[in-house]
Amino acid sequence: MLSNSRFLRALRREPVDATPVWVMRQAGRYLPEYRATRERAGDFLTLCKTPELACEVTLQPLARFPLDAAIVFSDILTIPDAMGLGLSLVEGIGPRFAHPLRSAQDIRRLGIPDPEDDLGYVSNAIRLIKRELDDKVPLIGFCGSPWTLATYMIEGGSGHDFKLVKQMLYDEPALLHQLLDLLAKASSAYLKAQISAGADAVMIFDTWGGILSSNAYHSFSLPYIKHIVDEVDNTVPTIAFTKGGGLWLETIADIGCSALGLDWSTDVGEARQRVGNRVALQGNLDPAILRAKPAAIIEQATAILNSFGAHPGHIFNLGHGITPDIDPENVAILVDTVHTASAAILQSAKHG
Ligand code: 1CP
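Residues numbered from 1 in each chain as written. Predicted model: local features only at pLDDT ≥ 70, side-chain atom pairs only at ≥ 80, totals over all residues. Heavy atoms only, no water.

Caption draft 1: Spatial organisation of the sheet that holds strand 9 (residues 314-315). Reading across the sheet, the 7 strands line up as 1-4-5-6-7-8-9 and stay open at both edges, with parallel pairing between neighbours. The sheet is open, and its two borders are formed by strand 1 (70-71) and strand 9, each paired with just one other strand. Here 3 bridges tie strand 7 (residues 259-261) to strand 8 (residues 280-282), and the two strands are oriented parallel to one another. Across the sheet, alanine 259 pairs through a bridge with alanine 280, a residue of strand 8. Where helix 10 (residues 173-197) meets the sheet, its contacts fall on strand 4 (139-144) and strand 5 (201-206), and the angle it forms with strand 4 comes to roughly 170°. (Pairing = 2+ DSSP bridges. Helix = DSSP H or I, 4+ residues; strand = E, 2+ residues; numbered from the N terminus. Contact = heavy atoms within 4.5 Å. Axes fitted to C-alpha atoms, helices over the stretch in contact; angles between N-to-C directions.)

Right, here's the structure in full:
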């Protein structure tokens, strides 16, 4: 039964036979079969917007590795795209918006996209993937945090210094709050639609929360993540991931999410001591380790498992997305190490 899967049990902090593992960006350019499907699609957005192709690439990493969860192939930027900002992915540069938000008028003009009419391709992909998965592993739905979406919408693409969005934060806080409130409402409706379509858990990616001061984080990012978690209201487990949020784990754990995503800068055992067992923890291998030799991958992954210890509530993952230059063979080594080393740790704790 799916609710008995390692991934969902760990999210509920129930005992498991081995630590579940999945990899952020597990469907992506490090896989030759992904590059082939993307080539066939023509471009990244067509791949996202064609449910059959999104389903195909979602399943590719699961055909190679015994991963414990699938994540729907999509992007956090589908919401601003549906709001009319004109998303494209520029080769070698990253996401770009044709119509970034540059004035109060730009922001006041925005509406909340309808999850079925404007973003129905995501729900349709989820329904297809669920049918193909046939309850073998759970499926994760996701969205970006309102703050992280706002950085892209205001900067017009990937931020490097975040000049424009930070200027708005300090000069026109009320206007930024208005945008964040709209994005929180849009993201809640979007996640609810993903859950109705079959997502078994949802993750909120706050990739750029860590660039904020502590005050600004607690005013401009965390409350809007909480808004989404409140709206999802435990219909399925929620994972809140703020990259660079290691200093704020206690306040993030307080918003009522099921799990915290950790980047690699925090020790997972120390994180557990700080938040206790009120949330599960997901993470947190430095993705750069996948470029190292097998012995280093085994050593570093085992160190994380040992640091967490034989408690319930750990989902193994990287601390951020896998990069295109990684040899898939190293992912196979990682997944195998997590399963075998954690099973041994859990067994010896049971008998010791
Ligand atoms: O084929 C390609 O070249 C496209 C590269 C790519 C991929 C594989 C992009 C463009 N998006 C994705 C898929 C994606 N994006 C997933 C798929 C599910 C998975 O297998 O994990 C997910 C969960 C995301 C989420 C996402 N998109 C985030 C949050 C997570 C993170 O990595 O921090 C962010 C910040 C984005 C924006 C985005 N979209 C694409 C890129 C290259 C980026 C990052 C740009 C940047 O660094 O600012």
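Structure's up, so let's keep going.
Caption draft 2: Summary view of helix 7 (residues 120-133). Helix length check: helix 7 (14 residues) gives 20 Å between terminal C-alpha atoms against 20 Å at 1.5 Å per residue, within 8%. Along helix 7, 10 of the 14 residues are buried, which leaves the element largely enclosed by surrounding structure. Among all positions in helix 7, only Gly120, Tyr121, Val122, Ser123, Ala125, Ile126, Leu128, Ile129, Lys130 and Leu133 are buried. Contacts from the buried residues of helix 7 go to helix 3 (44-49), helix 4 (51-64), strand 1, helix 5 (78-85), strand 4 and helix 10. Following helix 7 by one or two positions, aspartate 134 has its phi on the positive side, about 50°. (Expected span 1.5 Å × (residues − 1). Buried < 20%, exposed > 50% of the residue type's maximum accessible area, 1.4 Å probe, protein only.)

Caption draft 3: Fine view of the environment of leucine 191. By the secondary structure assignment, leucine 191 is in helix 10. For leucine 191, a relative accessible area of 0% translates into the label buried. Once the C-alpha coordinates of leucine 191 and leucine 149 are considered, the two residues, 42 residues apart in sequence, prove to be 15 Å apart.

Caption draft 4: Expanded view of unusual backbone geometry. Omega for the bond connecting glycine 283 with asparagine 284 falls within 30 degrees of zero, at 0°, which places this linkage in the cis form. If you trace the backbone, asparagine 284 turns up in the loop between strand 8 and helix 14 (294-308). Of note in this structure, aspartate 134 is not a glycine but carries a positive phi near 50°. Inspection of the secondary structure puts aspartate 134 in the loop between helix 7 and strand 4. On the accessibility criterion, aspartate 134 (59% relative accessible area) is exposed. The phi angle at aspartate 135 is positive, at roughly 65°, despite the residue not being glycine. With relative accessibility at 46%, the residue aspartate 135 sits in the partly exposed group.

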